[in-house]
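Structural characterization, general
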Amino acid sequence: MSGRLEKLRVELEKIGAEAFITEKPENRLYLSGFSGSTGSVVVTADQAFLVTDFRYVEQAAEQAPDFVIVNNERKAVEAIANLLKEQRVSRLAFESSVSFQTYQDWSKAFADVELLPTNGLVEKIRMYKDEAEMVIIREAVRIAEAAFEHIQGYIRPGVREIDVAMELEFFMRKQGATGSAFDMIVASGPRGALPHGRATEKVIQAGEMVTMDFGAAFQGYNSDITRTVSVGEPHPKMREIYDVVLRAQLAGLQALQPGNTCKAADAATRDLITQAGYGDAYGHSAGHGLGLEVHELPHVSAASQFVLEPGMLVTMEPGIYITGLGGVRIEDDVLITADGHEVLNKTTKELLILPV
Ligand code: ZN
Ligand code: ZN
């Protein structure tokens, strides 16, 4: 974790802050290694502290060996105030995403300290995945793909969307996932036109396509994969749409190169879908960063300002959604490398027609 703290300290120096505080679970875990549910991380120029309560002191000492563990005997905010005083911190960077309540509490308790709001300080460091993170993420992807392999033998006419969702989650948990990365999307037939159609009690019918967007949560990290399958022979229009989405996804992957902009990668998918006559039926961005959070930096969208660099991990997930008919989305998780990219997913993207 120490390399991560060094990167953060460089950023703190740039903004003239003597210390940084975060209680955001993902950033706390990223900086310290501590996976407990409460605790404040305070990083100064030469030390790092983890303020937590007695339930977590032992776990914190074990998981965060680079940190001084502070047991807050009474109120956490008082323990932090004492710490800041001891460390002679007069300018403290904090994340503008904290709640207004937290901001008020801190302003009161750290009355002598100037609070400097920051935005995405740790999140920008988190864009670049290191080896240790990639080992975990590859496993999260493997678990999701094993679940997809498994579910192909489970989906048939008469099965409900929620049965598919539960079976996917149960399988992923048996494979070591702590759970679903997010509320799973299982959208069949006309419901496929809802890009974020959560699994319902709807019964899957022969001739329908089923879009499954799901991922495994594993050791704090997430995978995020979408595949659309057909249960029996699909409507010819849906087959055509599938082909367009697949070509758009491949064009998007092609654009995921270091030095290329995220905006250009988004445009690669959008141009192809628009030329095929479905521009109005796309509507969401091509992808997003992935890691400790399911949606993190960099955005892969028409408005994104980010340039792709080696170590970034993003999704590529164009889709087409036609009201009353259905939808198709295909999503892979992609690591930007020095000479291009690596698609972490191994699962086929050819249209799978499941037997009825
Ligand atoms: Zn997804
Ligand atoms: Zn996604």
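The structure reproduced in this document is the subject of the present report. Because the structure is a prediction, the values reported are computed rather than measured.

Examining the pairing of strand 19 (residues 340-343)
Note that strand 18 (residues 332-337) and strand 19 share four bridges and pair antiparallel. Note that in strand 19 the partner of Val334 across the bridge is Val343. In this structure, the hairpin formed by strand 18 and strand 19 is closed by a connection of two residues.

As for helix 10 (residues 262-275)
For helix 10, which comprises 14 residues, the first-to-last C-alpha distance of 20 Å matches the rise-based estimate of 20 Å (1.5 Å per residue) to within 8%. Buried residues of helix 10: Cys262, Ala265, Asp266, Ala268, Thr269, Leu272 and Ile273, and no others. In a view along the axis of helix 10, the buried residues occupy a sector of 150 degrees, so they form one face of it. Packed against the buried residues of helix 10 are helix 9 (236-254), strand 14 (296-300), strand 15 (313-316) and strand 16 (319-322). Backbone geometry just after helix 10 places Gly277 at a positive phi near 95 degrees.

Focus: the coordination of the zinc ion (ligand 1)
At the metal site, the zinc ion (ligand 1) is ligated by Asp213 (OD), Asp213 (OD), Asp224 (OD) and Glu331 (OE), and these contacts range over 1.9 to 2.6 Å. Around the zinc ion (ligand 1), the four donor atoms are arranged such that angles at the metal cover 55 to 149 degrees; this shape is classified as irregular. In primary sequence terms, the donor set of the zinc ion (ligand 1) follows D-x10-D-x106-E. A spacing of 3.0 Å is found between the zinc ion (ligand 1) and the zinc ion (ligand 2), which share Asp224 as a donor. Within this pair, whereas Asp213 is found in strand 9 (residues 209-214), its partner Asp224 is found in the loop between strand 11 (221-222) and strand 12 (225-231), the two being separated by eleven residues in sequence.

What about the nonpolar core?
As a rule of thumb, soluble globular proteins bury nonpolar side chains together. By size, the foremost hydrophobic cluster in this structure holds 61 residues, and its most contacted members are Leu8, Leu31, Ile155, Val164, Met172, Met212 and Phe214. Element by element, the count of residues in this core is highest for helix 7 (residues 131-151), at ten residues. Apart from residues no more than four positions distant in its own chain, Val164 is found in contact with Ile151, Tyr154, Ile155, Val159, Val186, Ile204 and Met212. Met238, Val244, Val245 and Ala281 belong to the second-largest nonpolar core, a separate cluster that totals 34 residues.

Topic: empty space enclosed by the protein
For the structure shown, the criterion picks out one cavity of 30 Å³ or more. In this structure, the largest cavity is lined by Phe148, Arg227, Thr228, Val229, Tyr242, Thr348, Lys349, Glu350 and Leu352. Looking at which element gives the most residues to the lining of the largest cavity, the answer is strand 12, with three residues.

As for the environment of Thr52
Looking at the secondary structure, you find Thr52 in strand 3 (residues 48-52). As for Thr52 and Gly291, which are separated by 239 residues in sequence, their C-alpha atoms are 25 Å apart. If we skip the residues at most four places from it in the chain, Thr52 touches Phe34, Thr38, Gly39, Val57, Ala60, Ile69, Val70, Asn71 and Asn72. From its side chain, Thr52 meets the backbone oxygen of Thr38 in a polar contact 3.0 Å long.

Description of the sheet that holds strand 4 (residues 68-71)
What the six strands build is an open sheet, ordered 4-3-2-1-5-6; its pairing is mixed. Of all strands in the sheet, those bounded by a partner on one side alone are strand 4 and strand 6 (114-118). In this sheet, adjacent strand axes meet at a mean angle of 25 degrees when their direction is disregarded. Alignment of strand 2 (residues 40-44) against strand 3, held across four bridges, turns out to be antiparallel. Across the sheet, residue Val43 finds its bridge partner in strand 3, namely Ala48. Lying on the sheet, helix 4 (residues 76-86) is in contact with strand 1 (19-22), strand 2, strand 3 and strand 5 (91-95); it crosses strand 3 at an angle near 160 degrees. Along the sheet, helix 5 (residues 100-109) contacts strand 1, strand 5 and strand 6; its crossing angle with strand 6, the most-contacted strand, is approximately 155 degrees.

About the cut-offs
Residues numbered from 1 in each chain as written. Chains lettered and ligands numbered in written order. Predicted model: local features only at pLDDT ≥ 70, side-chain atom pairs only at ≥ 80, totals over all residues. Heavy atoms only, no water. Pairing = 2+ DSSP bridges. Helix = DSSP H or I, 4+ residues; strand = E, 2+ residues; numbered from the N terminus. Expected span 1.5 Å × (residues − 1). Buried < 20%, exposed > 50% of the residue type's maximum accessible area, 1.4 Å probe, protein only. Arc of directions from axis to C-beta. Contact = heavy atoms within 4.5 Å. Donors = N, O, S within 2.8 Å, 3.2 Å for Na, K, Ca; no water. Tetrahedral: all angles 85-135°; square planar, octahedral: opposite > 155°, others 65-115°. Core = buried A, V, L, I, M, F, W, Y, C linked by side-chain atoms within 4.5 Å. 1 Å grid on protein atoms, 1.4 Å probe; cavity = no way out; pocket = protein on both sides within 12 Å on 5 of 7 lines; lining within 4 Å. Points joined across faces, edges and corners; volume = space filled by probe spheres on them. Polar contact = N/O pair within 3.5 Å; in protein donor to acceptor, adjacent residues only side chain to side chain. Axes fitted to C-alpha atoms, helices over the stretch in contact; angles between N-to-C directions.

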